[in-house]
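Chain by chain, the residues:
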Amino acid sequence: MTDPTWQLYTNPLSGNAWKARQILTSAGIPFRLEEVPVVGDRDAARRNTPVGEHHVGRIPLLVGPDGERLAESNAILLWFGERAGLLPAEPIARHRVLEWLFFEQSQVLPSLATCRYLIRVARVADHQPQVIAFLQARGRATLDAVERRLGAPDAAGWLANGTCSIADLAVYPYTRMAPHAGIDLEPWPALRSWHRRIEARPDFVPLPCL
Ligand SMILES: N[C@@H](CCC(=O)N[C@@H](CS)C(=O)NCC(=O)O)C(=O)O
């Protein structure tokens, strides 16, 4: 028997899983949370779950009413983006949004999210000081890029097209949690104002691990 409710396989520590919670909420889709661990014996805990059965085996993983399985946080943002009114249809406007989704996966996750994971989740930072310093330098350059964009005259306080979109939801969690990666956000004022702007939206879902 199929379950009529979307099931989101998640963990409160995960910024990628937050993106899925936020877009489901913004799109008005009812869903249920299924928590899976991100540390310890993950394979054992995930065995016989859709996450364990998936070829990538990571969260977020969303299981739909017809059994469809949706992986990759930014692909999930795209799936529900139009329904949430957070993804424009016009090609150039859509392209501006996609640029930030790819930026997030290629710049934000490998620097800020990885560094945060080593310090805050796996707690192995003491053994990797050079790796941490390298990732923090990459993370600061990433924050500089976001700050530059937000400071541009046509940005109007948002990353793409002068309005809130899934671009903002993609880049928000791991830039907001940069202090968990050992980076104080004081030098990036436009970024901090943008975080507050996202958090002031009426349907905002707080990051559970802040
Ligand atoms: N590119 C993927 C990355 C997903 C990812 O790294 N998920 C992490 C949690 S944030 C995870 O499942 N970690 C536990 C593991 O790899 O077993 C996305 O954006 O969804």
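Residues numbered from 1 in each chain as written. Predicted model: local features only at pLDDT ≥ 70, side-chain atom pairs only at ≥ 80, totals over all residues. Heavy atoms only, no water.

Asks: Before we move on, could you go through the site of the ligand and cite the residues and values that matter?
Replies: In the vicinity of the ligand, the contacting residues are Ser14, Asn16, Arg42, Arg46, Arg58, Ile59, Pro60, Glu72, Ser73, Gln105 and Tyr174. The contact in question runs from an oxygen atom of the ligand to an N or O atom on the side chain of Arg58, over 2.9 Å. Take Ile59: an N or O atom from its main chain is 2.7 Å from a nitrogen atom of the ligand. About the coverage of the ligand: the protein hides 85% of its 510 Å² of free accessible area. By residue class, the composition of the shell around the ligand is three nonpolar, four polar and four charged. (Near = heavy atom within 4 Å. Polar contact = N/O pair within 3.5 Å; in protein donor to acceptor, adjacent residues only side chain to side chain. Areas by Shrake-Rupley, 256 points an atom, 1.4 Å probe, with all protein chains shown as cover. Nonpolar A, V, L, I, M, F, W, Y, C, P; charged D, E, K, R; others polar.)

Asks: Describe in detail the domain arrangement of the protein chain, supporting the description with residues and values.
Replies: On domain assignment, one finds that the protein chain holds domain 1 (6-81) and domain 2 (91-199). For domain 1 and domain 2, the distance between their C-alpha centres works out to 21 Å. Across the boundary between the two partners, domain 1 contributes 17 residues, which contact 15 residues of domain 2. Note on domain 1 versus domain 2: buried area summed over both sides is about 1,300 Å², and carbon and sulfur give 66% of it. When the area that domain 1 buries against domain 2 is broken down by residue, the three leading residues are Leu13, Trp18 and Asn74, summing to 35%. For the pair domain 1 and domain 2, the number of links is one salt bridge. Summed over the shared surface of domain 1 and domain 2, the result is six residue pairs in polar contact (both at pLDDT 80 or more). Secondary-structure elements contributing two or more residues to the side of domain 1 that touches domain 2 are α1 (15-26) and α4 (73-81). Considering each element in turn, the side of domain 1 that touches domain 2 owes the most residues, six residues, to α1. Its residues assigned to classes, the side of domain 1 that touches domain 2 comprises seven nonpolar, seven polar and three charged. (Domains from an automatic or database assignment. Contact = heavy atoms within 4.5 Å. Buried area = accessible area lost by both parts, 1.4 Å probe. Salt bridge = Lys/Arg side-chain N within 4 Å of Asp/Glu carboxyl O. Helix = DSSP H or I, 4+ residues; strand = E, 2+ residues; numbered from the N terminus.)

Asks: Could you give an account of the packing of helix α5 (residues 91-121) against helix α7 (residues 166-176), naming the residues involved and the relevant values?
Replies: Where α5 contacts α7, the axes come no closer than 9 Å and their chain directions differ by 10 degrees. As far as their axial angle goes, α7 and α5 are roughly parallel. Contacts from Val97, Trp100, Leu101, Glu104, Val108, Leu109, Leu112, Ala113 and Arg116 of α5 reach α7 at Ile166, Ala167, Ala170, Val171, Tyr174 and Thr175. (Axes fitted to C-alpha atoms, helices over the stretch in contact; angles between N-to-C directions. Parallel < 35°, antiparallel > 145°, perpendicular 65-115°, else oblique.)

Asks: Could you give me a rundown of α1, with the residues and numbers involved?
Replies: If you check α1, its first and last C-alpha atoms are 16 Å apart, about what 12 residues at 1.5 Å a residue would give, namely 16 Å. When you tally the buried positions in α1, you get 10 out of 12 residues, the bulk of the element. Within α1, the full set of buried residues consists of Gly15, Asn16, Ala17, Trp18, Lys19, Ala20, Gln22, Ile23, Leu24 and Ser26. Contacts made by the buried residues of α1 are with β1 (6-10), β2 (31-35), β3 (61-63), α4, α5 and α7. Two or three places before Asn16, at the opening of α1, Ser14 has a side-chain oxygen 3.3 Å from that residue's backbone nitrogen. Backbone geometry just downstream of α1 places Gly28 in the positive-phi region, at approximately 70 degrees. (Expected span 1.5 Å × (residues − 1). Buried < 20%, exposed > 50% of the residue type's maximum accessible area, 1.4 Å probe, protein only.)

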